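# Overview (structure and organization)
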Amino acid sequence: MDSAYVEDQYKLSYPYHVEHHWWHLARHAVIFYELKKVIEKDSCLLEIGCGRGIVTKYLREREINCFGIEPASVVPLQEVKEFVRSESEPASLSVAEREKYDVIVLFDVIEHILDPIAFLKPLRKLFPNLKYVVITVPGRAELWSNYDDFYGHHRRYSMKMIEDLARNLSWNIIHRGYFFHTLYIAIWATIILRIKRSIKIDAPGKSARNIHRMFSLGQIWEYHLLPKNIPGTSIIACFSMLATGHDNARPRDAEPGPR
């Protein structure tokens, strides 16, 4: 898996306590909201490319049975160290362990992979009881910047690319949509003005966390209130391995007009 972060990238993008940053707070809430639509009471989730286990920790705190696996050499968060395995790949898991997972999640992972089809296609065979895959990815090619270069992104996704991904994998799209709509405007403005994006994310101190929480609420409400086809900086998509009857070519919330 060619998505493993190097040490400098982890230090800059995932400092300790970064889970209190508004971006993570809002993304976690969107992820939780979408997962609750598909998971069952006894579902067991595997987060591939989980890093230190920030999302795994968030989901476990909300009584979702989530485990994490990370190809890079990282030290998991203390709270989830028994649920997160680093320096490991999905294929390295035992057959018995792979059989227990019915949902796989990959949050901002596949943009780091040169050939996502080759990476994702074996999941269905590796995990025989797999029902759903949920991903988040950075959205919109026009937002490409030094940030994407530094963090080893191969692409930023559009809705059409999500549809192509599903078609090539023979997966069914049951939902996908943009989020972080207002952030799109801010980053688009930096691109137009040729301003370099900061590659460092600072974890908020205790005094600033309430401000981050309030700002994240605005992003969460924006996700719920605005149409999902309005461009945003991120996309969340849920795929089913089951025969759902959904049409891969035009799933709900598809972008209108020419693409």
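This structure is a prediction, so every number in the text was calculated from the model and none was measured.

### Focus on the overall build of the protein
- What the protein contains, in helices and strands, is ten helices and seven strands.
- Burial statistics for the protein: of 259 residues in total, 54% are counted as buried.
- A separation threshold of at least 6 residues defines the contact pool for the protein, and within that pool the share at least 24 residues apart is 77%.

### Section: the state of the cysteines
- A full pass over the atoms with the stated rule returns zero disulfides.
- Here Cys 50 stays unpaired: no disulfide links it, and the sulfur of Cys 66, its closest cysteine neighbor, is 8.1 Å away.
- For Cys 50, a relative accessible area of 6% corresponds to the buried category.

### Re helix 9 (residues 181-192)
- Taking 1.5 Å as the rise per residue, helix 9 with twelve residues should run 16 Å; its terminal C-alpha atoms sit 17 Å apart, in good agreement.
- For helix 9, the full list of buried residues reads His 181, Leu 183, Tyr 184 and Ile 187. Relative to the axis of helix 9, the buried residues are bounded by an arc of 140° and lie together on one face. Counted as exposed and oriented over 90 degrees from the buried face of helix 9: Ile 185 and Ile 192.
- On its buried face, helix 9 sits against helix 2 (22-38), strand 6 (172-179) and helix 10 (209-225).
- Two residues or fewer after helix 9 comes Arg 194, characterised by a positive phi angle close to 55°.

### Here's the deal with the packing of helix 2 against helix 10
- Put simply, helix 2 and helix 10 touch, their axes get as near as 8 Å, and they point 40° apart. You can see that helix 2 and helix 10 cross each other, and the crossing is right-handed. Seen from helix 2, the contacting residues are Trp 22, Leu 25, Ala 26, Ala 29, Val 30, Tyr 33 and Glu 34; seen from helix 10, they are His 212, Arg 213, Phe 215, Ser 216, Gln 219, Ile 220, Tyr 223 and His 224.
- Each residue belonging to the contact of helix 2 with helix 10 can be placed in one class, and the counts come to nine nonpolar, four polar and two charged.

### Structural notes on the pairing of strand 7 (residues 234-240)
- The element strand 7 is largely enclosed, with a buried count of seven among its seven residues.
- Examined bridge by bridge, strand 5 (residues 132-138) and strand 7 share seven bridges and lie antiparallel to one another. Within strand 7, the position partnered with Tyr 132 by the bridge is Ser 240.
- Bridge analysis of strand 6 against strand 7 gives seven bridges, and the strand direction is antiparallel.

### Remarks on the environment of Ile 31
- Along the chain, the position of Ile 31 falls in helix 2.
- Non-local contacts of Ile 31, meaning those with residues more than four positions away in its chain, are made with Val 55, Phe 107, Thr 136 and Ile 236.

### Side note on the environment of Ser 43
- Considering the arrangement of structural elements, one finds Ser 43 in the loop between helix 2 and strand 1 (44-48).
- For the pair Ser 43 and Cys 66, spaced 23 residues apart in sequence, the C-alpha to C-alpha distance is 8.7 Å.
- Side-chain polar atoms of Ser 43 contact the backbone nitrogen of Glu 40, separated by 2.8 Å.
- A polar contact of 3.1 Å, which involves the side chain of Ser 43, links it to the side chain of Asp 102.

The rules we used
- Along each chain, numbering runs from 1 in the same order as the chain's sequence is written.
- Where local features are concerned, this predicted model is filtered to residues with pLDDT of at least 70; where side-chain atom pairs are given and counted, the filter is 80 or more; whole-chain, interface and lining totals use all residues.
- The basis for every side-chain value is the complete set of heavy atoms in the structure, and neither hydrogens nor water enter the calculation.
- Strands here are runs of E lasting at least two residues and helices are runs of H or I lasting at least four, both read from the DSSP assignment and numbered beginning at the N terminus.
- When accessible area is computed with a 1.4 Å probe and restricted to protein chains, residues below 20% of their type maximum are described as buried, those above 50% as exposed, and intermediate ones as partly exposed.
- Between two residues, a contact is recorded if the distance between any of their heavy atoms is within 4.5 Å.
- For the purposes of this analysis, a disulfide is any pair of cysteine sulfur atoms at a distance within 2.5 Å.
- The span one expects for a helix is its residue count, reduced by one, times 1.5 Å.
- Relevant arc is that of directions from the helix axis to the C-beta atoms, nothing else.
- In this description, a line fitted to the C-alpha atoms serves as the axis of each element, helices being fitted only across the stretch in contact, and the angle between N-to-C directions of two axes falls anywhere from 0 to 180 degrees.
- Definitions for this section: a left-handed crossing has its near helix turned counterclockwise from the far helix by less than a right angle. A right-handed crossing has that turn clockwise.
- Ten residues, namely Ala, Val, Leu, Ile, Met, Phe, Trp, Tyr, Cys and Pro, are considered nonpolar, four, namely Asp, Glu, Lys and Arg, are considered charged, and the remaining ones, Gly among them, are considered polar.
- Strands are treated as partners if at least two bridges between them are detected by DSSP.
- In protein, a polar contact requires one atom able to donate a hydrogen and another able to accept it; more generally it is a pair of N or O atoms within 3.5 Å, and residues adjacent in sequence count only if both atoms are side-chain atoms.

Shape descriptors only; they carry no functional weight alone.
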